[in-house]
Amino acid sequence: MSVAPLIERKEIVICAGAGGVGKTTTAAAIALGMAERGLKVAVLTIDPARRLADSLGLPELGNEERQVEIDGSGELWAMMLDPKRTFDDLIEKHAPDERTRDAVLSNRIYQELSNAVAGSQEYMAMEKLYELHQEERYDLLVLDTPPSRNALDFLEAPERLSRFVDSRSLQLFLRPGRLGLKVFGRGTGMLFSALQKVTGVDLLQDLSEFFASFGDMAEGFRERAARTSELLADRRTTFLLVTSPRRDAIDEAIFFHRRLRERRLPFGGVVVNRMSTLALEDEEVDEDELEALLGERLGRRVADNLEDYQAIATRDRENVERLSRDLADGAPPILVPHLEDDIHDLRGLLDMNEYLFAAETVPAS
């Protein structure tokens, strides 16, 4: 089974899964494989471990795409999302004028919010994905995501932003001037006054100015969030689940698949990384042959060791069979063995692609 038919004619591939299953390298390998097949591809990651840059042989990635030199007729570009920079760009897009833009960007409340607000990383990933898709500069966008239960935040980020903009509490804040901030009450106002005396910062004024400026952009944020949610469910988008044969990772994959199905989001298939080689080859230990080849004592020790590996292989097969039964609506899982070396360069990604794109011939460039 090859990953190519699962993403054929797709414009967005979102790789999701538990942590520690090779999701980032899988996203990079798929992007490389499709670039070698003649497409112009960009791979994006919000993984703070910077493994994507390592696997692509780049010293660093940032909020702008960088081209990766490859063999083949296509192009491969990569970037690592900077949520703060993306949030700033979003403010610049929605601000009605330069004065409002500068007022928000320089506001202390916004500066803290853009660095620390819960879920901003997930929403900013969707914003950057939507932006690149709208620009139509790439044939395919491949997105790496946080570990799967956090990726649920990623799926729900546009809706959460819409709920925030439409919430009653925010509408109170968005009333003109300090009127909306009277909801704090006298006690809170006294606290703000005391803080100003100690720190020299008029927090109440900062809040008032921030929400007054944000009010001019609320509708733009709401509309953008709605279009971003639509993009997730679009037929041009597909989700690939990435997992390992470990029981906990399989449980995560099944959980995430159910959430995709509940939300009617497009599911493409599953990649199972780090499979036992014995599980793939399904070979039995021939103890007599080992003893004849290595001698009775060493042959017995090697046979015992192989039996342990066979137990792991049996476990891997049983876990993958359980996954296949649960994902009966999708293609059979694509199995990738536990490779001998860690993937930290293009050569390693190419080794992985021998399994991701199995039984396919790469067109000559």
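Structural data are supplied above this passage.
Scoring rules and cut-offs
Residues numbered from 1 in each chain as written. Predicted model: local features only at pLDDT ≥ 70, side-chain atom pairs only at ≥ 80, totals over all residues. Heavy atoms only, no water. Helix = DSSP H or I, 4+ residues; strand = E, 2+ residues; numbered from the N terminus. Buried < 20%, exposed > 50% of the residue type's maximum accessible area, 1.4 Å probe, protein only. Contact = heavy atoms within 4.5 Å. Areas by Shrake-Rupley, 256 points an atom, 1.4 Å probe, with all protein chains shown as cover. Patch = residues over 30% accessible without salt bridge, like charges linked within 9 Å, V, L, I, M, F, W, Y side chains within 5 Å. Salt bridge = Lys/Arg side-chain N within 4 Å of Asp/Glu carboxyl O. Axes fitted to C-alpha atoms, helices over the stretch in contact; angles between N-to-C directions. Parallel < 35°, antiparallel > 145°, perpendicular 65-115°, else oblique. Nonpolar A, V, L, I, M, F, W, Y, C, P; charged D, E, K, R; others polar. Expected span 1.5 Å × (residues − 1). Pairing = 2+ DSSP bridges.

Asks: What exactly am I supposed to notice about the overall build of the chain here?
Replies: Counting its regular elements, the chain contains 17 helices and 8 strands. Counting all 365 residues of the chain, 47% fall into the buried class. Partitioning the contacts of the chain with sequence separation of at least 6, the portion at a separation of at least 24 is 76%. Only carbon and sulfur atoms are counted for the fraction: they give 47% of the accessible area of the chain, which is about 18,300 Å².

Asks: Help me understand a nonpolar patch on the surface in this model?
Replies: The grouping of L293, L294 and L298 at the surface amounts to a nonpolar patch, some 290 Å² of accessible area in total. With respect to the helices, strands and loops of the structure, L294 is situated in helix α15 (residues 287–294).

Asks: Whenever I open this one, the packing of helix α2 (residues 23–36) against helix α17 (residues 346–356) confuses me. Can you help?
Replies: Each pair of packed helices can be described by the angle between their axes along with the distance between the axes. At their nearest, the axes of α2 and α17 sit 9 Å apart, and the two run at 80 degrees to each other. Here α17 runs roughly perpendicular to α2, going by the angle between their axes. In this structure, α2 uses T25, T26, A28, A29, I30, L32, G33 and E36 to contact α17, whose residues at the interface are L346, L349, L350, M352, N353 and L356. Class assignment of the residues belonging to the contact of α2 with α17 gives a composition of 9 nonpolar, 4 polar and 1 charged.

Asks: How do you make sense of the environment of G220 when you look at a structure like this?
Replies: Considering the arrangement of structural elements, one finds G220 in helix α12 (residues 218–233). Relative accessible area serves as the criterion here: at 21%, G220 is assigned to the partly exposed category. When the C-alpha atoms of G220 and P96 are compared, they prove to be 9.7 Å apart, with 124 residues separating the residues in sequence.

Asks: Whenever I open this one, helix α16 (residues 296–326) confuses me. Can you help?
Replies: Owing to its 3.6 residues per turn, the α-helix aligns residues three or four sequence positions apart on the same side. A rise of 1.5 Å per residue sets the reference length of α16, with its 31 residues, at 45 Å; its end C-alpha atoms lie 45 Å apart and thus fit the reference within 8%. Buried within α16 are the following residues: G299, A303, Q310, A313, D316, N319, V320, L323 and D326.

Asks: Looking at this model, I keep getting lost on the pairing of strand β6 (residues 237–243). Mind explaining?
Replies: On any regular strand, side chains alternate: one points to one face of the sheet, the next to the other face. Of all 7 residues in β6, 7 are buried, a share of seventy percent or more. Neither face of β6 is left uncovered, since the one carrying T237, F239, L241 and T243 and the one carrying T238, L240 and V242 both have all their residues buried. Relative to β6, strand β1 (residues 12–17) is paired through 6 bridges, and the arrangement is parallel. When the sheet's bridge partners are listed, I14 is paired in β6 with F239. Both β6 and strand β7 (residues 267–275) contribute to a ladder of 5 bridges, which runs parallel. Within the sheet, the bridge partner assigned to V242 lies in β7 and is V271.

Asks: So what exactly am I meant to see when it comes to the pattern of salt bridges here?
Replies: Two side chains carrying opposite charge are able to pair once their charged atoms lie near each other. Taken as a whole and assessed by the stated rule, the structure comprises 15 salt bridges. R137 is the salt-bridge partner of E135, the closest N and O atoms lying 2.8 Å from each other. Measuring nitrogen to oxygen at the nearest pair gives 3.2 Å for the salt bridge that ties R347 to D351. Of the two residues, R347 and D351 are both situated in helix α17; the distance of 4 residues between them amounts to about one turn of the helix.

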